[in-house]
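Each chain is listed here by its residues.
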Amino acid sequence: MTERTRSDCDVAVIGGGLVGSAIAWGLAQQGQTVAVLDEGDVAVRPSRGNFALVWVQGKGLGLPEYAGWTKMSSDTWTGFAERLQEQTGIDVCYRRPGGFLPLLSEEEMERRAGQLRRLHNQPNVVRYDYEMMDRAAVAKEMPFIGKDVVGASYCPLDGHCNSLKLLRALHSGMSLSGVSYLPHHRVERIEPRDGGFRMVTASGDEVRSGKVVIAAGHDARRLAPMVGLDAPVRPERGHVIVTEKTAPFLNFPVGFIRQTDEGGVMIGDSFEDVGLDTTVRNGVTSTIADRALRIFPLLGKLNVVRTWAALRVLTPDGFPIYEQSTTMPGAFVATCHSGVTLAANHALALATHIAAGTLPDEFSAFSARRFHVPAVA
Amino acid sequence: MTDLKPRYDLAVIGAGPAGLAAATLAATRGLSTVLLDEQAAPGGQIYRAITRSPVRNPNVLGTDYWHGADLVGPFRDSGADYLPGAAVWSVSRTLDIGLSRDGAARILPARHVILATGALERPFPVPGWTLPGVMGAGAAQILLKTSGLVASGNVVMAGSGPLLWLLAWQYLRAGARIDAILDTTPRENWRQAMPLLPAFARSGYVGKGLKLLLEVRRKVKVIGNVSALRAEGDGRVQSVVYRQGNGAEQRLPADTLLLHHGVIPNINLANATGCAQSWDEAQRCWVPDVDGWGATSVEGVAIAGDGAGIGGALAAEHRGRLTALDALHRLGAIDRATRDRDAAPHREALDRALRGRDFLDALYRPGKDFRVPADDTIVCRCEEVTAGQVRDAVKLGVSGPNQTKSFLRCGMGPCQGRLCGPTVVEVIADARGVSPAEVGYYRLRPPVKPITLAELASLPKAEDEVAAVMHH
Amino acid sequence: MFQRLPDAGGERVSFTIDGQPAEALSGDSVAAALIANGVGACRTTPVSGAPRGPYCMMGVCFDCLVTIDGTGNQQGCQIRVHPGMRVETQNGKREIER
C-alpha cells in the first residue's frame, strides 16, 4: 500500500468545465472522494463560452438513444437545479418555457419538418411533443417577429439557464462537498498504478486515484489513448454576440437567440473548422447579427457589448462518447458538446454509474467503437 | 468632415499628443494618413478642447496645456485626413479597422496602424466610489477644459499624483474653493523614491512642480498620510470619511469628491487586437509589449504615447514621431538609415521628457490598501461585484481574471474591465500570494466600444463568413 | 454641484431634461450639460438599482448612460448637446424599443 497523500482520492476527474464539474459534483454526492484536475486562467474552455440552452428538439437523428438521453436530462434538470440551489444558494435560472427554432423560408420549413419527422420515426425513439408552427402561430407568442419569418419548430421541453451561474454553482457545490479542485494541473501522463491510476502534471505534481474520468474537452483526444480509450474529437468554432442588459421582452429561447435572466440578449452561432483558434471574425458576427435582425428587427438598436468565439467539442457524428476502458478498467471518458443540456444527466445518472464502476448496457450506443477506429494504447 | 479614402497607408487612432504628432509627421512625409478620434475635437484628454475651450483666461489651465495648440496647427496643414467623433471598436490582425460614427459602422483597411489610445485614470475603488458626485479628478479637469465648469459647494480631492495637484492649482486659478486635499501618498514611498531624486531634479518637472505644489499647499488644507477613505451619502455623496495613518476616523462634508491615483495605459484596443502585454511593476499596471519604435507583437500595429506605458504628454509627442518614422520605413517610404538618422533628435527629446519619470512612479504608487480594497468595496462598477466576491472565487480555486469573469461577471459590463481589471488582478494576486504578472489579465475581444446590432449587421461579409453561419 | 466660470464663452443651447427645459453651452457634452443643470445622478443601475452619475467624462466608465432623443443607453459624455435635444434619465435596464 502506498502512502496516501492529500491528492489521493477515489476518483480523479480531468477537466473542470461543465462536463467535468457536473460529474465530479455528482460523484461527491455519491460519497466518493474526488479531485478535479484543471488548467489555469487561460485555457481552451468551451464551458465559458457556450450558449446555455437546455435543448431537446431535433437532437438524436441517427442515434435514437441520444434523443432519449437528452430528454431524460431535460426531465431531470429542474430537480438538479433545485438541489444545486439548496446546497449553494445559487439559482442557475433554469426555465423551461418551450423553445422555438425560427425558419426563414418555405424550404427551411420543409427541411426542418422532414428532419424532425425522420428523427421521431426512428425505431425505439423516445416519444415527446413537438410542433411545426406557421407564421401566425409564432406571431401569437412573439408579435414582434420580422417579416421574413415563415414559421418555426416548437418543442415544449426546450429551455435555458444561466450557464455561468451553473458553472459557479457546480464549483461551489464541489467545494462544499469536499471535492479537491486543483487548478494549474494540466495532465501530461496517466499511468495505471497499484490497481488505480497515477496522473503526472505539467509542473511535475502527482495525483493518485482509484478511478479516472477524462472530461477534458478537446484534450480528451490526447488523454484517452493513455488509458486504452478513444476520443476522436475536433474543435468547431462558434461565435456568440451579447447585448447590453435590456428589460425582459423575450420569453422563449429562440434557437440561436435568447434573453438571459440578467437582461442581455445572446445571439449565436456559427460553424467553422479552424483548429484551436478563438479569434473573433467581424464578418461572421455581422452575418449572425443580420440573421437575428431578420427574425427580430427590434433588436437593431441594442448595443453589442461583447462578442466571442468558443470551440465546440465535436465527435465525428456529433454525439457524445461515454465509455469505460476495457484494457484499463476504472478509466472512463465523457465528452459531448452539450454540457449544459446534459449536465443533469452527468451529475445524476452518469456519476452514479461511474461511482458503481460500470456503465449499463444502454451506454454501449455511446461507445467510440461506433467510429470503427481501434483504440490505441 | 473629410471624405475617407477607401484605404490608407497609415491609420492613427487617437488625437492626443502622440496621435497628432504621428499623423502630422507621416502625412507631411507622404503617407496617405487618416487620424481617427472618438472625441469631437483634437487634443486627446490632456489637451482636451484645445481648439475651443470656453475658459478664456489662459492662466487658468496653464502654459503646458496651451502647448497642445502647437500640435494642432501643423496637423491641420499636414494633409492627413481627420475623422472626429469616430469610435474605433476593432482592429483586426489583418489591419481592418472597425469604426462607428453617427450611428453607422464601417470597416476601413490600412497598411499600418498606430494606436494612440492614451491613458485613463487608475481605478480608485473605495466604498462609495459609485455614488453620484464622486468623480475622477481627470473627469473634473475635462469639465473645466471643455465646459468651464468647476465643482462648487464642499469640494474634497483625494489621492496622489501630479494630476491631482495640477487640478487643484487650476481650480485655485479659476477662483474655485477646495475644502481639503486628502493625500494618500504612503510615507514609505519616499524611501523608494529618494534614490531617484537626482534624475528628477535635473528634469523639467521639478521647478514647475514644486512651485505648483507650494502654491496649492499655501491655499488649501492638505491632510497627509491618509490610509483609508470612503464616500457616504444617500443617493449622492454627502461626506467623506478618512483616516490618517492609524488614527481615528474623521469626517468631512462633501458635495463633490474627486479621486485620483495616477493614470495607466488604456490597453483595451491593443489587447483585443491581440498585442502581447506585460505587467509593469514600477507603474503597477499592464503595458503592451513594444520595441523602441512602438512596434507590438502584431505585425503592422504600433503603439505611441501613454497607451504603451505612461510617460506624459511631451514624451507621447516624441514617441508619436518615432512610431511614424518606423511606419514610413516599414511601408518602404524611407530606408533604415534615414529612419534612424531622423529619429535621433526625437529620441534625445524623448529621453529628456522621460527624465525623472521613475521618481514620480515610485513616489506616487498608490498604497496597497487602495489597490487591494477590503471585501465590501465594489470593484466592478458595471456588474456591481465586490472585492469579497472576487476573494470567494479565489477560494473556490479560481486563479485569474478570466475565470472570475465567468464566475462573477466582473469585467463583462459595457466598460469591459477598464474600471475593474487592474483591481481584480491585484485582489487575485494578493489572495493567491503571487505577482499580478502570474495572474494575467482579461482577454478582450471586439467590439471594445459598443456598436448597435444594426451597425454590426451592416458590415461587409466574406463568402466563407456567411457560409459559416448560413449553411446549417 | 458644479458652476460655470463667470467668463466662460460659448452660445446658449436649449434642450430638455426629462421634459423640463434646460440650458447648456454649445460644446457641452450631454453629461456636462446635466452636471451644469444640477443633475448629479443620471440613471439607476440595471443590477441593483443604485443611482449613478458621470464618473470619468472620457468614454470609458459608462456610468453617464442616458436616453437621448428616444434612444437608450447613450454615453452622455461622448455626445454633444444640441438645440432641442431630449435627454432623459434612465431607470435600470433599457427598454428594447428605445
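All figures in this text were calculated on a predicted structure; none of them were measured in a lab.

So, how was this worked out
- Residues numbered from 1 in each chain as written.
- Chains lettered and ligands numbered in written order.
- Predicted model: local features only at pLDDT ≥ 70, side-chain atom pairs only at ≥ 80, totals over all residues.
- Heavy atoms only, no water.
- Helix = DSSP H or I, 4+ residues; strand = E, 2+ residues; numbered from the N terminus.
- Rg over C-alpha atoms; globule rule 2.2 N^0.38 Å.
- Buried < 20%, exposed > 50% of the residue type's maximum accessible area, 1.4 Å probe, protein only.
- Contact = heavy atoms within 4.5 Å.
- Areas by Shrake-Rupley, 256 points an atom, 1.4 Å probe, with all protein chains shown as cover.
- Lys, Arg positive; Asp, Glu negative; His and termini not counted.
- Charge placed at Lys NZ, Arg CZ, Asp CG, Glu CD.
- Phe/Tyr/Trp six-rings, centres within 6.5 Å; stacked < 30°, edge-to-face > 60°.
- Lys NZ or Arg CZ within 6 Å of the ring centre and 35° of its normal.
- Pairing = 2+ DSSP bridges.
- Axes fitted to C-alpha atoms, helices over the stretch in contact; angles between N-to-C directions.
- Left-handed = near helix turned anticlockwise from the far one by under 90°.
- Nonpolar A, V, L, I, M, F, W, Y, C, P; charged D, E, K, R; others polar.
- Buried area = accessible area lost by both parts, 1.4 Å probe.
- Salt bridge = Lys/Arg side-chain N within 4 Å of Asp/Glu carboxyl O.
- Polar contact = N/O pair within 3.5 Å; in protein donor to acceptor, adjacent residues only side chain to side chain.

Q: With reference to specific residues and values, describe the overall build of chain C.
A: Counting its secondary structure elements, chain C contains one helix and nine strands. A compact globule built from 98 residues should have a C-alpha radius of gyration of about 13 Å, and chain C, at 13 Å, falls within 12% of that. Based on the C-alpha atoms only, the size of chain C along its principal axes is roughly 40 × 25 × 20 Å. The 98 residues of chain C split such that 56% are buried.

Q: Pulling in residues and values, what's your account of the overall build of chain B?
A: Each helix and strand in chain B was counted, giving 20 helices and 23 strands. Relative to a compact globule of 472 residues, whose C-alpha radius of gyration would be 23 Å, chain B shows 22 Å and is just as compact. Along the first, second and third principal axes, the C-alpha atoms of chain B reach 65 × 55 × 40 Å. Here chain B holds 472 residues, and the buried ones make up 65% of them. Of all intrachain contacts in chain B linking residues separated by at least 6 positions in sequence, the fraction that spans at least 24 positions is 66%. Total accessible area on chain B is roughly 16,600 Å²; 51% of this is exposed by carbon and sulfur atoms. Separation between the mean location of the 53 positive side-chain charges and that of the 47 negative ones in chain B comes to 4 Å.

Q: Report on the packing of aromatic side chains, specifying residues and quantitative values.
A: The tally for this structure, following the rule as stated, stands at 23 aromatic pairs over all chains. Aromatic pair A:Trp69 and A:Phe363: ring centres 5.3 Å apart, planes at 75°, arrangement edge-to-face. One end of the pair, A:Trp69, is in helix α2 (residues 64–88); the other, A:Phe363, is in the segment after α8 (343–356), with 294 residues separating them in the sequence. On the basis of relative accessibility, which here comes to 7%, the residue A:Trp69 falls in the buried class. Here A:Phe363 falls in the buried class, since its relative accessible area comes to 5%. Members of the aromatic cluster, connected to one another through ring pairs, are A:Trp25, A:Trp77, A:Phe80 and A:Tyr94. Sitting above the plane of the B:Trp293 ring, B:Arg347 keeps its charged end 4.4 Å from the centroid. Sitting over the ring of B:Trp129, B:Arg381 keeps its end group 4.7 Å from the ring centre.

Q: How would you summarise the sheet that holds strand β13 (residues 226–232) of chain B if you had to cite specific residues and measurements?
A: All names here are of chain B. Strand order in the open sheet made by the three strands is β13-β14-β15, with antiparallel pairing throughout. The open sheet has two free edges, formed respectively by β13 and β15 (249–253), since each of these has just one partner strand. Neighbour-to-neighbour, the strand axes of the sheet open up by a mean angle of 25°, direction not taken into account.

Q: For the packing of helix α1 (residues 17–28) of chain B against helix α4 (residues 69–77) of chain B, give the residues involved together with the corresponding values.
A: All names here are of chain B. Axis separation between α1 and α4 bottoms out at 9 Å; the angle between their running directions is 35°. Between α1 and α4 lies a crossing of left-handed hand. The segment α1 lies against α4, with Pro17, Leu20, Ala23 and Thr24 engaging Leu71, Val72, Pro74 and Phe75. When the residues that make up the contact of α1 with α4 are grouped by side-chain class, the tally is seven nonpolar, one polar and no charged.

Q: Break down the sheet that holds strand β14 (residues 265–267) of chain A for me, with residues and values.
A: Taken in spatial order, the five strands of this open sheet run β13(A)-β14(A)-β12(A)-β15(A)-β23(B), and their pairing is antiparallel. Both outer strands of the open sheet, β13 (257–259) of chain A together with β23 (451–452) of chain B, are each paired with one neighbouring strand and no more. Relative to β14(A), strand β12 (residues 234–243) of chain A runs antiparallel, the two sharing two bridges. Looking at β14(A), one finds that A:Val242 is bridged to A:Met266. Against the sheet, helix α7 (residues 282–295) of chain A touches β12, β13, β14 and β15 (303–314) of chain A, its axis set at about 55° to β12(A).

Q: Talk me through the interface of chain C and chain A; I want residue IDs and the actual numbers.
A: Listed as interface residues are 11 residues of chain C and, on the opposing side, 13 residues of chain A. When chain C packs against chain A, the two sides together hide about 1,000 Å² of surface, and 58% of this comes from carbon and sulfur. When the area that chain C buries against chain A is broken down by residue, the three leading residues are C:Lys93, C:Arg94 and C:Ile96, summing to 65%. Between the two partners, chain C and chain A, sit one salt bridge. A salt bridge links A:Glu244 to C:Arg94; its shortest N-O distance comes to 2.3 Å. Inspection of the chain C/chain A interface yields four residue pairs in polar contact (both at pLDDT 80 or more). Here the side of chain C that touches chain A is built from residues that sort into three nonpolar, three polar and five charged.

Q: Mind laying out helix α16 (residues 401–408) of chain B, listing which residues take part and the relevant values?
A: α16(B) sits mainly inside the fold: eight of its eight residues count as buried. On its buried face, α16(B) sits against α5 (163–176) and β8 (180–182) of chain A together with β22 (385–386), α15 (387–395), α17 (421–432) and α18 (436–439) of chain B.

Q: How would you explain the pairing of strand β5 (residues 96–101) of chain B if you had to name every residue and give the values?
A: The side chains of a regular strand alternate between both faces of the sheet. Residue and element names in this part refer to chain B. Where burial is concerned, most of β5 is hidden: five out of the six residues are buried. Judged from the four bridges that link them, strand β4 (residues 87–91) and β5 form a sheet pairing that is antiparallel. If you follow Ser90 over to β5, its bridge partner there is Gly98. Where β4 folds back onto β5 in an antiparallel hairpin, the turn is made up of four residues, including Leu95, whose phi is positive at roughly 65°.

Q: Give me the lowdown on the environment of B:Ala295, citing residues and values where you can.
A: Residue and element names in this part refer to chain B. Considering the arrangement of structural elements, one finds Ala295 in the loop between β19 (285–288) and β20 (301–303). Taking relative accessible area as the criterion, Ala295 reaches 11% and is therefore assigned buried. Ignoring anything within four residues of it in the chain, the contact list for Ala295 reads Asp289, Val290, Val301, Ala302, Asp326 and Arg330.

Q: Please set out unusual backbone geometry residue by residue, giving values where relevant.
A: With an omega of -15°, the peptide bond running from A:Gly268 to A:Asp269 counts as cis. The omega angle of the peptide bond from B:Pro446 to B:Pro447 is -5°, so this bond is cis rather than trans. By secondary structure assignment, the location of B:Pro447 is in the loop between α18 and β23. A positive phi is found at A:Cys93, a non-glycine position, where the angle reads about 60°. The topology assignment puts A:Cys93 in the loop between α2 and β4 (99–103). Within the chain, A:Asp194 stands out as a residue other than glycine whose phi angle is a positive 50°. Position of A:Asp194 among the secondary structure elements: in the loop between β9 (187–193) and β10 (196–201). By relative accessible area, A:Asp194 is classed as exposed at 59%.

Q: Tell me about the side chain of A:Asp41, residues and numbers included.
A: Note on placement: A:Asp41 falls in the loop between β2 (34–37) and β3 (53–54). No salt bridge is formed by the buried A:Asp41; its nearest oppositely charged neighbour, A:Arg45, is found at 6.4 Å. A polar atom in the side chain of A:Asp41 sits 2.9 Å from the side chain of B:Asn402. Only 2.8 Å separates the side chain of A:Asp41 from the backbone nitrogen of B:Gln403, close enough to count as a polar contact. Leaving out residues up to four positions away in the same chain, A:Asp41 has contacts with B:Ser399, B:Gly400, B:Pro401, B:Asn402, B:Gln403 and B:Val439.

Q: Could you give me a rundown of the interface of chain A and chain B, with the residues and numbers involved?
A: Across the contact, 50 residues belong to chain A and 42 residues belong to chain B. Interface area for chain A against chain B, summed over the two sides, is near 4,000 Å², with a carbon-plus-sulfur share of 57%. When the buried area of chain A at its contact with chain B is split by residue, A:Asp41, A:Asn282 and A:Arg306 rank highest and sum to 16% of it. Taken together, the links from chain A to chain B amount to four salt bridges. B:Glu383 is the salt-bridge partner of A:Lys245, the closest N and O atoms lying 2.5 Å from each other. When contributions to the side of chain A that touches chain B are tallied by element, the ones reaching two or more residues are α5, β12, α7 and β15 of chain A. Here the side of chain A that touches chain B takes 13 residues from α7(A), the largest share from any one element. Its residues placed into classes, the side of chain A that touches chain B shows 20 nonpolar, 15 polar and 15 charged. Relative to β23(B), β15(A) is paired through two bridges, and the arrangement is antiparallel. Note on β23(B): the bridge partner recorded for A:Val304 is B:Ile451.

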